[in-house]
Amino acid sequence: MEPERHCWTAERLSEQLARLEVRWRRADGVYATTYRGPDCIDPTPLVADLGDVASFLVKFDRAEAALEQARCARAHLWRGLFAAQGRVRLFENHDYLLGLIDLYEATGEPWLQGEIESAIGTLVGCFERDGLLVDEYDGTRRWIEFASPFNGGFIEGLIDLHAMTGEERLLEIASRWAEAWIATPYFTKHGLFARFNTPMWPAVGYLSSRFSRHGPVRLFKDNTNMVWALMALYRVRPTEALRRALVQFVDGYERLLWNGGLVRQAVADDAAEFRLVPSAFSVDLLCDLTDLGLIPERTVQLARGVAEECLRRQWPGGAFPVSDHDGFDHVDVATDIGIALWKLSELTGEQRYAEAARRSWESVQATHWTEDGLVLSVDSTGHPVDDRIVVKYQALALKSAILERSSVGIYEDRDLWSVLRDR
């Protein structure tokens, strides 16, 4: 699907890539996390989000710059995973591992394979408990350890690596993890993955989730990561158990979160409020479920319902507010809602969804662009509300540049689909 116009001009694209090559670095060579104008305000090394930057450098023929980031990251690792303050948290390693896998696929560098194997070995040896991956590890084992469904996203990384290497053990590990997650008590009862799971004492996790003051479920990125991972496994090793689990998720999602298109991020959320983040990623996930083909008529209609609520709120300038009560947008979600709507346009043949995507991306160029990078948020008039420059978003914004220059659709090209996914 070839757009009629480019949101990224050649000059803008060249300037943004030049920034990614030479700016936003710490003294050790790793990207810092956040700037305001030219000044670093959060020097945390951008190791956790390697995949959010490296994949786009590679896509635009800057593989050496991406490899440099992976080399510099090694100073911040413990047994192949990113560590901070003596602890390894899996939330901070998912995109790191996916970034290594993407780089290995693109470059074939043997040392990357070693780093990946080290990381997987640590996941299995230090974090796996009865098939679930616990959230963090500091060298000790505790009686009560929590396992978030966000960690199910590592299944997708193993599937990506299996596609490159053909190693069956990767599928065995991925299958073991998936089987454990779909057997968790909250999922078997409600069709959604609970925030808290305790491998040694499942009832403790169920009750912790059931009575949490924040609610028992988070859609994004807990359930979305998990369901994308289950879909990835189903594509290469389809089983009846996986099929049932995916349909069961759709049942639970429609019953507890879809809410007539006003998607809840958590079960306890206000039913009347629009929220862009769960909406955007619902459309994305439901489109991918439609492409998978299990219950396509149902999932595409659910996606339409969410998309229509988004389009009703799109500002005249093309941006989407983050909620009904917040009068500002978000530079990264502006990109992702566009990708989701583009997918829906491909599946339905309705160009108005693709046009809404273009308008969202054009608003980013018109209102977020500064000489120091893309600012985080603006209001409906284009006035900055949050002028921070979040470095990973500078690369992720290039998704729209990749898609608008593609001669094929997202669902026609799995490599294109892969680089545009958000995990």
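Starting afresh in each chain, residues are numbered from 1 along the sequence in its written order. Side-chain atom pairs in this predicted model are given and counted only at pLDDT of 80 or more, local residue features only at pLDDT of at least 70, and totals for whole chains, interfaces and linings cover all residues. Side-chain measures were taken over the full set of non-hydrogen atoms in the model, leaving aside hydrogen atoms and water.

### Observations concerning the overall build of the protein
Each helix corresponds to a stretch of at least 4 residues labelled H or I by DSSP, and each strand to a stretch of at least 2 residues labelled E; elements are numbered beginning at the N terminus. The helix and strand inventory of the protein stands at 18 helices and 13 strands. Computation of the radius of gyration draws on C-alpha atoms alone. For the globule rule, the value is 2.2 Å times the number of residues to the power 0.38. Relative to the globule expectation of 22 Å for 423 residues, the C-alpha radius of gyration of the protein, 21 Å, shows essentially globular dimensions. Overall, the protein is about 55 × 50 × 40 Å in size when its C-alpha atoms are taken along their principal axes. The buried label applies to any residue whose accessible area, calculated with a 1.4 Å probe on protein chains only, is under 20% of its type's maximum; exposed applies above 50%, and partly exposed to all values in between. In the protein, which comprises 423 residues, the proportion classed as buried is 60%. Two residues form a contact once any of their heavy atoms are found within 4.5 Å. For the protein, contacts bridging at least 24 residues in sequence account for 67% of all contacts bridging at least 6. Here the accessible surface of atoms and residues is derived via Shrake-Rupley with a 1.4 Å probe, and residues count as covered only by protein chains that are part of the display. As displayed, the protein offers around 16,200 Å² of accessible surface, 51% of which is attributable to carbon and sulfur atoms. Charged-residue counts in this description rest on Lys and Arg as positive and Asp and Glu as negative, His and the chain ends being excluded. Where a charge lies is defined by one atom per residue type: Lys uses NZ, Arg uses CZ, Asp uses CG and Glu uses CD. Across the protein, the mean location of the 47 positive side-chain charges is 4 Å away from that of the 64 negative side-chain charges.

### Describing empty space enclosed by the protein
Put simply, the grid is 1 Å and covers the protein atoms alone, a cavity is a trapped set of points that fit a 1.4 Å probe, a pocket is an open set with protein on both sides within 12 Å along at least five of seven lines, and lining residues have an atom within 4 Å of a point. Grid points are joined across faces, edges and corners, and a volume is the space filled by probe spheres set on the points. The full count for this structure, using the stated rule, is one cavity of 30 Å³ or more. Approximately 60 Å³ is the volume found for the largest cavity. E156, W228, M231, A232, R235, D288, D291, Y411, R414 and W417 together form the lining of the largest cavity. Elements with a contribution of two residues or more to the lining of the largest cavity: α10 (219–236), α12 (276–292) and α18 (414–420).

### With respect to the environment of W228
Topologically, W228 is positioned in helix α10. A C-alpha to C-alpha distance of 8.6 Å links W228 and L289, two positions 61 residues apart in sequence. Side chain to side chain, W228 and D288 meet in a polar contact 2.7 Å long. Within 3.5 Å is the distance limit for a polar contact, defined as a pair of N or O atoms, with the added protein rule that one can donate a hydrogen and the other accept it, and that residues adjacent in sequence qualify only through two side-chain atoms.

### What to know about helix α11 (residues 240–258)
By this rule, a helix spans an expected 1.5 Å times one less than how many residues it contains. With 19 residues, α11 should cover 27 Å at 1.5 Å per step; its first-to-last C-alpha distance of 25 Å lies within 8% of that length. The reported bend at a residue is simply the angle between two axes, fitted to the 7 residues ending at it and to the 7 residues beginning with it. Along α11, the largest kink reaches about 25° and is centred on G252. In the core, the buried residues of α11 are packed alongside α7 (168–182), α8 (185–190), α10, α12 and α13 (296–313). Remark: N259 follows α11 within two positions and exhibits a positive phi of approximately 60°.

### A few points about the nonpolar core
The biggest cluster of nonpolar side chains holds 145 residues, and the ones touching the most others in it are F127, F249, Y253, L289 and L341. Broken down by element, the residue count for this core peaks at eleven residues, all from α10. Other than its neighbours up to four places away in sequence, F249 contacts F187, G191, L192, L219, N223, V227, L285 and L289. We define a nonpolar core as any set of buried Ala, Val, Leu, Ile, Met, Phe, Trp, Tyr and Cys residues linked to one another through side-chain atoms lying within 4.5 Å.

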